[in-house]
Structure formats: structure tokens, C-alpha cells
Amino acid sequence: MKALAAAAVALALLIALALLAPQWLVFMAMLALAKGVVVLGLVVLMRTGLVSFGQGLYFGIGAYAAALLSHQWHIADAAVMLLAAAAAGGLIAALLGLLLARYRDIFFAMLSLALSMILYGLLVKSAALGSTDGFNLHARTFFGMAFASGMERRVFLIAGSACAVVAALMVHRLLGRHWGRLASAVRDNELRVSYLGASPYRVVYVNYLIAGALAGFGGALAALAVGHVDPETTYWTTSGEFVFIAILGGTQSIIAPFVAAAIFEALRTIASQYAPNVWQMSLGLAMLAIIMFQPAGLWSLAERWRRSA
Amino acid sequence: MSNILPVAFDGIAYGSWLFLMSAGLTLIYGVMRILNVAHGSLYALGAYAACSFASAWLNGGLPAAGSFGMLLLAAIVVGGLVGPLLERGLLQWMYGKDEVVLVLITYAVFLIMEDVIKLVWGVDSLLLPEPYALPGNFSLGGLAYPAYNLLLIGMALVTGLALVWALYRTRQGKLLLAVIHDREMSMAMGINVSRFYLATFTVGATLAALGGALTAPTVAVTPGIGVEVIVLAFAVVVIGGLGSLGGAALGALLVGLVRSATVRYWPEAELFSIYAVMAIVLIARPKGLFAAQEARKI
Amino acid sequence: MRISPSFGLRTAVAAFVMLLTVPASLAQQPIKVGIVTLLSGPAAGPFGVPARNAAELTAETLNAGTVPAPYTQKGFGGTPIELVIIDEAGGPQKQVAEFRNLAPRVDIVIGYISSGDCLAIAPVAEELKKLTILFDCGTPRIFEDASYKYVFRTGPTGTMDNVSVALYLVERNPNVKSIAGINQNYAWGQDSWADFENSMKTLKPGIEVKTSQMPKLFAGQFGAEITTLLGSGAEVIHSSMWGGDLEGLVLQGAPRGLFEKHKVILSAGEPAINRLSTRIPDGTILGARGPFGPFAPDTELARWLKTNYQDRYQVPPNYASFKMAQAILAVKAAYEKAKGAGSAVPDQDRIIAALENLTFEGPGGAVKMSLGKGHQAIMDAAVGTTKVEGGQLKMVDVVRYPAEKVNPPDGVKSEAWIKSDLKK
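Because the structure is predicted, anything quoted here is derived from the model rather than measured. (Residues numbered from 1 in each chain as written. Chains lettered and ligands numbered in written order. Predicted model: local features only at pLDDT ≥ 70, side-chain atom pairs only at ≥ 80, totals over all residues. Heavy atoms only, no water.)

(A) Structural detail: the packing of aromatic side chains. For the structure on display, the rule yields 27 aromatic pairs over all chains. On the numbers, 6.3 Å between centres and 15° between planes, the contact of Tyr107(B) with Phe110(B) is stacked. Here Tyr107(B) and its partner Phe110(B) are both found in helix 4 (residues 99–121), three residues apart, which amounts to about one turn of the helix. Owing to a relative accessible area of 21%, Tyr107(B) belongs among the partly exposed residues under this scheme. With a centroid separation of 5.8 Å and an interplanar angle of 40°, the aromatic rings of Phe76(C) and Tyr335(C) are classed as tilted. Of this pair, Phe76(C) sits in the loop between helix 2 (44–64) and strand 2 (81–87) while Tyr335(C) sits in helix 13 (residues 319–339); the two residues are 259 residues apart in sequence, bridging distant segments of the chain. Both residues of the pair, Phe76(C) and Tyr335(C), belong to the buried class. The aromatic ring of Trp279(A) is capped on one face by Lys94(C), whose charged end is 4.0 Å from the ring centroid. (Phe/Tyr/Trp six-rings, centres within 6.5 Å; stacked < 30°, edge-to-face > 60°. Helix = DSSP H or I, 4+ residues; strand = E, 2+ residues; numbered from the N terminus. Buried < 20%, exposed > 50% of the residue type's maximum accessible area, 1.4 Å probe, protein only. Lys NZ or Arg CZ within 6 Å of the ring centre and 35° of its normal.)

As C-alpha cells, then:
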């Protein structure tokens, strides 16, 4: 019940933001939300003790799926794009998951990285898709409804928010139950889990699939916000950014990924505007400070505040 | 036959370069369980320092052959200064954290170093062609090759053999193997693990800087050169099996040969040849070529 | 699950308040010009910083009123200009975010070196109705695949770079039989090679392509690629490389005889002159993406840029510097044309109307905004051959190709034009 109330508040807040905020803030919120959804998937995966350095693969698949719909088949409907992207992400994850679910630790991380880099290579080689330059996409309608220019992005943000909140609630429900405990058990000791008769492979596979579908959705949302896709979405630095946001927020909550993504975007924007020559250094120092002083992620701040209150 | 010789030579030369980079990375991972992203920064620092040192030497009108010594000196200075600084100043407070968190810490260091390098050396490329041109060319299958590549191959061999000797033939090396095998037990036996961590990181950092210093004469040293080598070195180390020196050597050679064959026969695929090798090796051998057996903990 | 809604709320509000403070006040006194150029990464040295330097130099001398005719008036029409400089590094997604933050803070945006960034920014500029001048990026797709009202590009596209070197090559080696390429594996390298290959096929039907090497961008080491080129038997080697990759190719290729055994074309090689100078072997065909740098005409405007830049930064300006100065002067020309004799400050729409189809004088010569419905510039192309004389690198046998000869007519896509009409 508490979670439902929190979800309702979060959604109301996001809708208010989508309707009232200036355009640049709507854009930032969309990007932060998109990354938050990807990181949510990563957090699900991290519950089983696995970190993927290749979520860019699904982020990119989602972005390109959305863009190709508008570019190749002239389907410029945002709802179709978002759903198709999540489906595409889930589908590819269902396929690659068969292989990857056997891997653990750093090998899981590196194999997922290798796969995303192979997709990167394929995209760079595709002259028809604009190679590294990428191409533009335009979404004009939502479930067939058309909106005035400038209004459409606000509608997309509301739609994205609704989906993200529903996804977060579902993940919350899933992890709060038997499945979540099973995932933690796989992380802690896989062998015992199999001795108890459960299949760690199945747990990892399903969580990987969820992470893939969410990353695909996030990719399409980001593509809708930016209006452009390019292979950089699948590059390892993009994947690394997701991992960083996950660690920044901490893995113990499902709101944390979204808050962390918003803070990350804000941090990067401020750093590159006020310190254009040393923005990488500023970002690095902020990262170190957070890891040193908030080792369990920013969310531990919330925990402490809640306990003292 | 005349086709295979150049492909093999280019592959071995590229593999030697990869080995210099990945030896330090695999050593640090083997001992400290840190996948060190800042390895790329140390490589870049080594390259920049080599340019500064060797240029100062050459501008001083000293004999050109001495510039090779300057390359080595630059690597030792960078490794000996920055290595301990990072380990004592930052990493020693972070041991025991999750492997992923450690990756992020070294990534943060990498970001900071990128800007530090920019502030110190600027954004213009640095050139140091003298040591590259000095040994001249030799001919192989009718084509000219720079003799500098032989030097690179030699350095990789010497480095590899020196590491093996130090690990398996010296007392300190054997103690280090004990630390790798079981850290807690080693501490209980009275081994000063902290000291070994410092030494390992310093040696690893020096190897990274050496890789950079030896590369500097062959390329234009530009901002961002560190980024390119990180993932390459990671791939090599993972292919070989994390923490395995022999694995790194074999992985480097494999990647080098595959790359040069791809360039020759299928240039379009060069971009992902390395990742394809990595994926195929991992699919066939999930923990790399030379993975250590791990006890199943119940 | 431990969720604290009010905390999430607070953090979110705090984060957004932090964001709200980002766009600074919209001070109207000086004209604010946003400059976006690469300040970090491998392209900062050859392009980003020379462009930023030229922007600062141009703004200062414009404000002081010391730029030669026809730009003698101070600032833009008497109003001083002020630059807001940001870094272009980080890829299109980040740049769209930066652009959206920058646009409310400035009156005009001038920038973008990467074609990917240009393609991503153009529709956003259109949406925000912010006059945006692309100064350097090369891909012709921007105005060939779409049309914009608020977006202009004052530098020529990449098409003419490779068309002009192909013309130059065929004029000098009419019997050329085989070519090979080594280009960076990303859009610029792929497009450049395709343009060159197609131009050569149009000019010399039946020409043989021995190999097309595509090393990874910023690979820096090309041992195996050079071996393959040396063994390919091609007469001519084309490369559109730039920056550290180009310098690496010359440093590694020259000692192995790559430049002696083959005629080498560096279609965007000009910025490397400042770095490599006499290390570039004699007889190399060099392009500068327009009549810039050593190919600049002997005009007062070119001398202004060359001497002032040299005095201030101790190096000659390269093509990125020329193109940045040209972009700022384009806006000045349009602004003052829109202002006309009246004293009123012209609004953006009038500046845009003035810039469309404008012909103005840049430090590289005449610039005609004649493609993309008056939004895309064309210029003469210039190609030369390197020769070391008296310890200095000189460009000899320089040929200037008229703009109309090396660019497609308006409404025709570059690729189709190269494949069919080039000969006319």
C-alpha cells in the first residue's frame, strides 16, 4: 500500500513537471527517466550479483528500434515505438540470455560488454543507417493522437513516466516476494540454491530478460527525447554510465535509480557549463566523493534520514 | 607463403604491444582483484612523460641513442611516483569493496587524470619520431619494416620472462603467489600483505607506463590515447583468463594475429575482430583460456 | 521494501531546483554568441582549440573594430559581442542536452565539428527557433535529407574535398590505373572514401580498387595496414585521416617508403602541417577542406587572420580557425545587412532572411550560401602538393577549383551527382 501511495505521488509529480516545466527541463527529465528505467533493470540484475557492462546493447537496440520504425516504415507513433523497443530488447535478451545466464562475475560483465561492442561495430559499418553519424527520428502521435509542436514531448514524458512508475511498481512487487529472495540467494550462494531445488540459471535468465526489456524501453524514451540515434548508445562508455548511476543510487531501492539518474544528469550539465575545461575531472571527483562518503549509494542518506525522523 | 610472413610479423608486433599493456593489468587483478581502468591513464602518462623526457634529452644535443634510455626512465618515474601515490593515497582505503565499485573508483581516477594530462601537456599532439626512425628498417618478404618493432618484441619478451622469473624463482615472488592463493592465510602466516599490494600496484603501473613510453615514438601522443587501450587490454586479459600471465601472453598473441589477418583479408571486420575473438573464447571457455580452478564454496 | 516517498520527493525537488538555476539571466546588452567546439579529446588539438582561438580572436578584434573591410564596424552593427564557450565532447545525446541549456542563454549558437552532433542538433535548433550556425562538420546529409529555417552551415560540405583531389589527381596522372584507401572507420572516413572512389570511377571508368583499409578511429597504430598497402601494388593511396591518426600514419608510413612507392593523397591533411611540417614527404597531395590555411587568397582579410593569429598563438591558423572566423563574419554580415541603414536592432527572422542566399567575403575568399535553399555554403576548393624548400614545407602546384565545379547544384544529392554528372 505504501508503495502504491509512493508511486501515485511520484507519478503526480512527474505529470506536474511535464505540464509546467520549461522545455529544457522536460527534456532533461525525459533523459533522466530513460536512464533511470535502464538502471532499474540493472538493479534487478544486480540483485542476483551480476553487473552487466553491456546494457548499452539493449539501450541501443531500443533506440534503433524506435528510430527504424519512423525511418524505414514511417510509423511515427511514440506508443508503438516504446512498446516495440521494449519488445525488441526483451526478445534479444531472451536469446542472448540463454548464453549469458551461464556466466558469473567479471566474465558476465565482459561477455556482455563484448556483445554490445559487436553491435557497435555492426552499426558503425552500416552506411544505410548513417554509420557513426546516426539519423533523426520524429514521433508525432501517441496512440494515434496528434499534438501541437512543443506539447508532444510533454505527452511523451507523461506516457514514459506512467510506464516507468508501473514498471518500478512491478519490479518492487517481484523483488519483495519469493523471487527477490531467491535472487539474493543466488548472489550469496548459488550452490545452496540449486541444492534446495531452485534453478539459479532460471533466476538469472528471467532477471536478464527483465533488464533487457527495460533497457530497450529506456533506449526508445531517450531516442524520443533526443530526436536522434547513433551508435554511441551501444558503446561501452554508455554502459559504464548506467553502472555508475546504479552504484550512485544504491541497489536497495527502486526509486534510487531514478533519483540517481536525475542527479547524474544535473551534475554533468553543471560541470560542463561551469567548468568546460575540467568537467571530466569534476565528474571524477564527485564520483570519488560519493563512493567514499556514501558507500551504499545516495539512497543510504535517505535511510539514515528516515531512521532519525 | 609470402603472404603469411608479413601477417605473422605484424601480428606478433601488435601482440607484443598488447602484452606490455595487459601484463600489468592481469598482475594487478591477480593479486588485488582490481580491474584497473586507470591503467589507461598510466599508459597515457607514460607516453606523455616519454615525449617530455626524450625531447629534453634530444634538445640538449645529447647522443640520440640515449633517448631509448629516456623512454625507460619515463616509465620508471611515472610508475614509481603515480603508482604508490594512487595505491597509498586512494586504493588502500578501498580494499574489501565490491569489485564493481573498485572498477568505478579507478574509472573516476581515469576521468580526473584525463583532465590533469590536458592541463599539464595541453591538447596538441606530441611527436617523438627520433627513436622510431633511429634503428632503421629491415626487409621481410620484399617489404620494409621498422626495426623498432623488433625492439618492441624484445622488450615484451624480456618483460614477460622477468615477471615469470620474479614470481617463480625469487623468495618475494613465492610469497606473492601465496598472497594470490589465499590472502587471509598469508596474513595469518605473517606476510605483510599491504606491502605486497603496494609493490604489485607499483610494478603494474610501471608496466602500463612502459607500454605508453615505448608506444610514444610510433604514434602521435594525443589526449584520449588512454581510452583506446583500456578495453583492448581488458579483452586480452579476459581472453587469457584473469590473473594469468601466460594467459595474457597467449591472449595478446591471439588478438594480434587475428587482427593482422583481418586487416589483410577482410579489412571491414577489423573494428570488431577483437570483440569477436573475446566472445568466441568466452563461449568456448567461460573463464578464459588459462583460468584458475576455483573451489566450490557450499 | 523501504521506500520513503517524502524523501524521494525532497531529493527530486532539490535536484530540479539545482537545475533551474542553470540558465543564467538573459542579459540583453552585448550580443551573446554561444560557441560549441571540442575542448577535450583527440579532436581538440587539430580542430577544437584552433577554432576556439579563432573565435576569441575574431570577437575581440571585431569589438575593437580592427577587422579589415567590409567588417570595420564594431561588434555586430555597433553592438559588442560576447562569447559563451562550451565543450562539444561527449556525443550527440549530451550535446542535445547542452544545446537545450545553452540556447536560452545566448542569442546565436555557432559550433559543431562532429557531423553526428550537427545532425542531432539541427532539428532541436529548429524546434527551439534558435539561429544556429554549423561551422565545420562535413556531412552533406544535413541539408540534403531535410530543410531547416533556423540552421545554416557557413562551411562547405565534405563532398568537394574528395571531388577536388580526384580532379587534381586525374589532371596530373591521366593514366592512373589503381587506387587504395586508408580511412578511419566512422562516418567521415567511410563517406570520404566513398566520395573519392566514386569520383575516380566517374572520371576514370574501370579504375581498379586494390584495397580499402578501415582502421578503428583513434587506433594510432597502423603497422598491419601499412604492410597491406605496401603490398597492394596500388599507384595511389587516399586518406581522409586527421589528427593523431594522420600524424601516426605519416610517422609510421614515411620510413617504410609508403610515400615513395605510392602517390599519397591526404584530403584533409592541412592541419597536420602545423604539427609535422617537413616530416610530410615531398609530393604528397594535400587538401584543406576549402581555400584555407596555406591556400588562402592574398587578401587583407586573410592577412588579418593569419598575422593576428600567428602573433597571438605562435602558430598559423588552420582550416578550423578559418571556418570559425568565417562563421562569425557570416553572422555579422547578415546582421548588418538586416539592420540596414536603420538603427533598430534586427530581430532573428530578419537576420535569417538576410543570411539566406547571402554571398559574403570570408578570410578564405567568397562564400556563397547557395545550397539547401540558401542555408548551405559553397566555396572554391584548393589542392596542392607538398615540397620542402629551405627547411620549410611549401605548397606547390596549387590549383583552385571554382565552387560550382566541385559542388552539386542545389536540390541534387552529392552521392548521385558524383556518380553521374561529375564530368560535366
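(B) Summary view of the domain arrangement of chain C. All names here are of chain C. For chain C, the domain assignment lists domain 1 (26–157 + 297–378) and domain 2 (159–288 + 380–420). Computed from C-alpha atoms alone, the centre-to-centre distance between domain 1 and domain 2 is 28 Å. With its nearest N and O atoms 3.2 Å apart, the salt bridge here joins Asp-145 to Lys-413. One can count nine residue pairs in polar contact (both at pLDDT 80 or more) joining domain 1 with domain 2. (Domains from an automatic or database assignment. Salt bridge = Lys/Arg side-chain N within 4 Å of Asp/Glu carboxyl O. Polar contact = N/O pair within 3.5 Å; in protein donor to acceptor, adjacent residues only side chain to side chain.)

(C) Region of the structure containing the sheet that holds strand 8 (residues 236–239) of chain C. All names here are of chain C. Judged by pairing direction, the sheet is mixed, and its seven strands sit side by side in the order 7-6-8-9-10-14-15 without closing on themselves. Strands with a single pairing partner mark the edges of an open sheet, and in this sheet they are strand 7 (208–213) and strand 15 (392–401). Each strand of the sheet is rotated relative to its neighbour by a mean of 20°, with strand direction disregarded. Where strand 9 (residues 263–266) meets strand 10 (residues 285–287), two bridges bridge the pair, whose relative direction is parallel. (Pairing = 2+ DSSP bridges. Axes fitted to C-alpha atoms, helices over the stretch in contact; angles between N-to-C directions.)

(D) Broad picture of helix 9 (residues 200–226) of chain A. All names here are of chain A. Along its 27 residues, helix 9 runs 38 Å from first to last C-alpha, staying within 8% of the 39 Å computed at 1.5 Å per residue. In terms of residue burial, helix 9 counts as a mostly covered element, since 22 of its 27 residues are buried. Following helix 9 by one or two positions, Gly-227 has its phi on the positive side, about 80°. (Expected span 1.5 Å × (residues − 1).)

(E) Up close: the state of the cysteines. Residues and elements named next belong to chain C. For the structure shown, the criterion picks out one disulfide over all chains. Residue pairing for Cys-118: its cysteine sulfur links by disulfide to Cys-137, the two sulfurs lying 2.1 Å apart. Disulfide Cys-118-Cys-137: torsion about the S-S bond near -100°, hence left-handed. Taken together, the positions of Cys-118 in helix 4 (residues 115–128) and Cys-137 in the loop between strand 4 (132–134) and helix 5 (141–144) put the pair 19 residues apart, joining distant regions of the chain. Of the two residues, Cys-118 and Cys-137, neither departs from the other in class, the shared state being buried. (Disulfide = S-S within 2.5 Å.)

(F) Spotlight on the interface of chain A and chain B. In this assembly, 38 residues from chain A lie in contact with 41 residues from chain B. Carbon and sulfur atoms make up 81% of the surface buried where chain A meets chain B, a total of about 3700 Å² over both sides. Counting across the interface, chain A meets chain B through zero salt bridges. A per-element tally of the side of chain A that touches chain B places helix 5 (residues 105–125) of chain A first, with twelve residues. Grouping the constituent residues of the side of chain A that touches chain B by class yields 30 nonpolar, five polar and three charged. (Contact = heavy atoms within 4.5 Å. Buried area = accessible area lost by both parts, 1.4 Å probe. Nonpolar A, V, L, I, M, F, W, Y, C, P; charged D, E, K, R; others polar.)

(G) Layout of the pairing of strand 9 of chain C. Sheet topology places strand 8 of chain C next to strand 9 of chain C; four bridges connect them, and they run parallel. Counted as the bridge partner of His238(C) is Ile265(C) from strand 9 of chain C.

(H) Spatial organisation of helix 13 of chain C. If you check helix 13 of chain C, its first and last C-alpha atoms are 30 Å apart, about what 21 residues at 1.5 Å a residue would give, namely 30 Å. Of the residues flanking the start of helix 13 of chain C, the one acting as N-cap is Asn318(C), its side-chain oxygen 3.0 Å from the backbone nitrogen of Ala320(C).

(I) Representation of the side chain of Ser232(C) within the structure. All names here are of chain C. Summarising the element assignment, Ser-232 is placed in helix 8 (residues 223–232). A polar atom in the side chain of Ser-232 sits 3.2 Å from the backbone nitrogen of Ala-234. Residues contacting Ser-232, with those up to four places away along its chain left out, are Ala-180, Lys-210 and Thr-211.

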